[in-house]
Amino acid sequence: AQTVTQSQPEMSVQEAETVTLSCTYDTSESDYYLFWYKQPPSRQMILVIRQEAYKQQNATENRFSVNFQKAAKSFSLKISDSQLGDAAMYFCAYRATQGGSEKLVFGKGMKLTVNP
Amino acid sequence: GAGVSQSPSNKVTEKGKDVELRCDPISGHTALYWYRQRLGQGLEFLIYFQGNSAPDKSGLPSDRFSAERTGESVSTLTIQRTQQEDSAVYLCASSPYLNTEAFFGQGTRLTVV
């Protein structure tokens, strides 16, 4: 079964600084998608960034970028120029076709605090 | 509507009662997920619907939990004989096509007293 591991339960960063959130996953599939979701206190899950496994180029969305290492099964999120609004829970997620069922599997999440 | 809608937003129920939670997915989305999120925890997969295929029920924690979806429309998650450990936020998500991101509702916070 696929698993997603976020080993750091909490991190903090100073406003305007850069922070990297780590994620590793385990799969035997060759084709899959990886996601980072953000969950602020409002509890609304918001997609931050998405990476297709067949693409070698790392995805980037404004201040958010990923370091995707397929061989190492690593998918870290870098937040540049951190803002107070970035404070939230961050979840790494994996999705692939498994026996006809596309399970979206989440890590346990990491709480990011942004200090002014 | 523009997004995934869940109702009620909050539900307080007495232990032993049955509850029904509702999810309205985004129109045209074929896939629908239910997750449970206990306080301060991650998302626990419950069930997945994809079009008219048989649902993946592998995450349902006990036979007190069941879910239905008619075609590509509304889904209901039913919890029978609720227990205090059922207290959590129940999140619903829908997805339009294979291998795209899921869009989440704001969840139903269930409190069993």
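For the structure itself, consult the block above.
The rules behind the values
- Residues numbered from 1 in each chain as written.
- Chains lettered and ligands numbered in written order.
- Predicted model: local features only at pLDDT ≥ 70, side-chain atom pairs only at ≥ 80, totals over all residues.
- Heavy atoms only, no water.
- Contact = heavy atoms within 4.5 Å.
- Salt bridge = Lys/Arg side-chain N within 4 Å of Asp/Glu carboxyl O.
- Polar contact = N/O pair within 3.5 Å; in protein donor to acceptor, adjacent residues only side chain to side chain.
- Helix = DSSP H or I, 4+ residues; strand = E, 2+ residues; numbered from the N terminus.
- Nonpolar A, V, L, I, M, F, W, Y, C, P; charged D, E, K, R; others polar.
- Phe/Tyr/Trp six-rings, centres within 6.5 Å; stacked < 30°, edge-to-face > 60°.
- Buried < 20%, exposed > 50% of the residue type's maximum accessible area, 1.4 Å probe, protein only.
- Core = buried A, V, L, I, M, F, W, Y, C linked by side-chain atoms within 4.5 Å.
- Disulfide = S-S within 2.5 Å.
- Pairing = 2+ DSSP bridges.
- Axes fitted to C-alpha atoms, helices over the stretch in contact; angles between N-to-C directions.

Caption draft 1: Local environment of the interface of chain B and chain A. Tallying the contact residues gives 29 residues for chain B and 19 residues for chain A. Our enumeration of links across chain B and chain A arrives at 1 salt bridge. Residue B:Glu101 is joined to A:Arg50 by a salt bridge in which the shortest nitrogen-to-oxygen separation is 3.1 Å. In this structure, the connection of chain B to chain A is made through 10 residue pairs in polar contact (both at pLDDT 80 or more). Those elements giving two or more residues to the side of chain B that touches chain A turn out to be strand E4 (31-37), strand E5 (44-50), strand E8 (88-95) and strand E10 (108-112) of chain B. If one sorts the elements of the side of chain B that touches chain A by residue count, E4(B) sits on top with 4 residues. Tallied by class, the residues present in the side of chain B that touches chain A amount to 12 nonpolar, 14 polar and 3 charged.

Caption draft 2: A look at the packing of aromatic side chains. In total, this model carries 16 aromatic pairs over all chains according to the counting rule given. Where A:Tyr37 meets A:Phe106, the ring centres are 5.7 Å apart and the plane angle is 55°; that geometry is what we call tilted. Linking A:Tyr37 in strand E5 (residues 33-39) with A:Phe106 in strand E11 (residues 101-106), this pair joins segments that are 69 residues apart in sequence. Look at A:Phe106 and you get buried, because its relative accessible area is 8%. On the numbers, 4.6 Å between centres and 35° between planes, the contact of B:Tyr33 with B:Tyr48 is tilted.

Caption draft 3: Structural detail: the nonpolar core. Residues and elements named next belong to chain A. Trp 36, Leu 77 and Tyr 90 are the most contacted members of the largest nonpolar core, which has 28 residues in total. For this core, the secondary-structure elements that each account for two or more residues are strand E3 (19-21), E5, strand E6 (46-52), strand E8 (64-69), strand E9 (74-79), strand E10 (88-98) and strand E12 (110-115). Sort the elements by how many residues they give to this core and E10 lands first, with 5 residues.

Caption draft 4: Just the state of the cysteines, in detail. Residues and elements named next belong to chain A. By the definition in use, this model includes 2 disulfides over all chains. Across the disulfide, Cys 23 is cross-linked to Cys 92 (sulfur-sulfur distance 2.0 Å). With the S-S bond torsion at -70°, the cross-link from Cys 23 to Cys 92 turns out left-handed. Residue Cys 23 is found in the loop between E3 and strand E4 (24-26), and its partner Cys 92 is found in strand E10; the two are separated by 69 residues along the sequence.

Caption draft 5: Highlighting the sheet that holds strand E6 (residues 65-69) of chain B. All names here are of chain B. Reading across from one edge, E1-E3-E7-E6 is the order of the 4 strands in this open sheet, with antiparallel pairing throughout. Looking at which strands have only one partner, the edges of the open sheet turn out to be strand E1 (5-7) and E6. Sheet twist, expressed as the average angle between the axes of neighbouring strands with direction ignored, equals 15°. Of the strand pairs in this sheet, E6 and strand E7 (residues 75-79) are connected by 5 bridges, and their pairing is antiparallel. If you follow Glu 68 over to E7, its bridge partner there is Thr 76.

Caption draft 6: Quick peek at the pairing of E8(B). Residue and element names in this part refer to chain B. Along E8, 8 of the 8 residues are buried, which leaves the element largely enclosed by surrounding structure. The alternating pattern of E8 places Ala 88, Tyr 90, Cys 92 and Ser 94 on one face and Val 89, Leu 91, Ala 93 and Ser 95 on the opposite face, and all of these are buried. Bridge count between E4 and E8: 7 bridges; the pairing is antiparallel. Looking at E8, one finds that Arg 36 is bridged to Tyr 90. Pairing between E8 and E10: 3 bridges, direction antiparallel. Counterpart to Ala 88 in the pairing with E10 is Leu 110. Summarising the sheet, E8 and strand E9 (residues 103-104) pair through 2 bridges and their orientation is antiparallel. Counterpart to Ser 94 in the pairing with E9 is Phe 103.

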